[in-house]
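Listed below are the residues making up each chain.
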Amino acid sequence: MMRHRVSFRPMPPPVFRLAPCSLGKPDGTTANERFKHTFWPTFAGTLSVAVVLHMAVFGFVPRFQITEIAQASEAMSAIDLPPAVEVPPPPERIARPATPRVSAVAVDEQLTIAPTTFEQNPVESLGPPPEVTVEEEDRPPFIPYTSAPKLLNREETLQLLRRFYPPSLRNAGVGGTVVLWIYVTEDGDVGDTQVATSSGYLLLDEAAQRVAQGMRFSPAMNRDRVTAVWLSQPILFEVV
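One structure accompanies this document, and this report is about it. A quick note: this is a predicted structure, and the numbers were derived from the prediction, not measured.

The helix and strand inventory of the protein stands at 4 helices and 5 strands. Across the 240 residues of the protein, 22% fall into the buried class. By sequence separation, contacts in the protein at least 24 residues apart represent 79% of the contacts at least 6 residues apart. Total accessible area on the protein is roughly 20000 Å²; 60% of this is exposed by carbon and sulfur atoms.

In structure tokens:
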């Protein structure tokens, strides 16, 4: 069996050629020459038509007129101003409450009574203890402070207790506690003393005031300022 081979060859694109021709009329005039002859008559005619149309618009269209617009105005009336308000002054500052005071106990040894012989020193011979009372109006004024004074010469105060202890009461084995109001100055010295609570024995009360005169304290502080204060100070007399 025989096979035939078939091949296809592409055809070349067609070529279009513009043949030369004459753009003018048979009389030989060109388009440019004809445009020059017809431009001015055409321009004058269209211009005349435009002028006529504008004149017709301005002549027959109604004109716009300005109309006044009435503005409504309200009559102003004067009114009276309200009276001036007086602002009261601010209230006074509330005073700071007093700080509770804690007294420093000078002697904290426990009370012990040594053996005594009442035949040699009978208690009946001492007489009854005096009644010492402190009225409310006799109390010293309160001075506020934030840091209480502290006792500085503790050992010296103990020696003063032994020195000023009345021998008659010590030998009889009689002791007691005296609570004093002590005025501590700004230098830490004792300026004045008052009996707040008596021990029941006048000799012990007087001895406690003598002991207090030898005490030395650190000055009290009211915030950041040194101040003098009244201090409640118990003084204990006991037989060891």
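More follows now that the structure is in view.
One finds V178, L180, I182, M215, F217, I235 and F237 to be the most contacted residues of the largest nonpolar core, which totals 25 residues. Of all the elements in the fold, those that place two or more residues in this core are α2 (154-164), β1 (176-184), β2 (190-197), α4 (202-213) and β5 (229-237). Beyond its immediate chain neighbours, meaning those up to four positions away, F217 contacts P149, K150, L151, L152, I182, V184, D187, G188, V190, L231 and Q233.

Summed over all chains, the structure comprises 1 salt bridge. We note a salt bridge from D189 to R216, for which the minimum N-O separation is 3.7 Å. Placement of D189 in the loop between β1 and β2 and of R216 in the loop between α4 and β3 (220-222) is noted, with a sequence separation of 27 residues between them. Given the relative accessible area of 34%, D189 is considered partly exposed.

Three or four residues apart is the spacing at which side chains of an α-helix point the same way, because the helix has 3.6 residues per turn. Residues of α2 that are buried: T157, L158, L160, L161 and F164. Buried positions in α2, seen along its axis, are confined to an arc of 160° and lie on one side of it. The exposed residues of α2 that point more than 90 degrees off its buried face are E155, R162 and R163.

Counted residue by residue, β5 has 7 buried out of 9 residues, so it is predominantly covered. Here β1 pairs with β5 via 9 bridges, running antiparallel. Bridged to G176 within β5 is F237.

Next up on the list: the packing of aromatic side chains. The description of an aromatic ring pair rests on the distance of the ring centres and on the angle between the ring planes. Tallying each qualifying case throughout the model produces 5 aromatic pairs. On the numbers, 5.9 Å between centres and 15° between planes, the contact of F39 with F43 is stacked. A residue pair is termed a helical-turn pair when its members lie 3 or 4 positions apart in one helix, as F39 and F43 do in helix α1 (residues 31-60) at 4 residues. Assessed through its relative accessible area of 34%, F39 is described here as partly exposed. With relative accessibility at 40%, the residue F43 sits in the partly exposed group. Plain terms: the ring middles of W40 and F43 are 6.1 Å apart, the flat faces sit at 90° to each other, and that makes the pair edge-to-face. Here W40 and its partner F43 are both found in helix α1, 3 residues apart, which amounts to about one turn of the helix. Relative accessible area serves as the criterion here: at 58%, W40 is assigned to the exposed category. Among the aromatic side chains, those forming a connected cluster through ring pairs are F39, W40 and F43. Of note, R163 hangs over the ring of F164, and the distance from its end group to the ring centre comes to 5.9 Å.

Reading guide: rules and limits
Residues numbered from 1 in each chain as written. Predicted model: local features only at pLDDT ≥ 70, side-chain atom pairs only at ≥ 80, totals over all residues. Heavy atoms only, no water. Helix = DSSP H or I, 4+ residues; strand = E, 2+ residues; numbered from the N terminus. Buried < 20%, exposed > 50% of the residue type's maximum accessible area, 1.4 Å probe, protein only. Contact = heavy atoms within 4.5 Å. Areas by Shrake-Rupley, 256 points an atom, 1.4 Å probe, with all protein chains shown as cover. Core = buried A, V, L, I, M, F, W, Y, C linked by side-chain atoms within 4.5 Å. Salt bridge = Lys/Arg side-chain N within 4 Å of Asp/Glu carboxyl O. Arc of directions from axis to C-beta. Pairing = 2+ DSSP bridges. Phe/Tyr/Trp six-rings, centres within 6.5 Å; stacked < 30°, edge-to-face > 60°. Lys NZ or Arg CZ within 6 Å of the ring centre and 35° of its normal.

The values reported here are purely geometric and, on their own, carry no functional implication.
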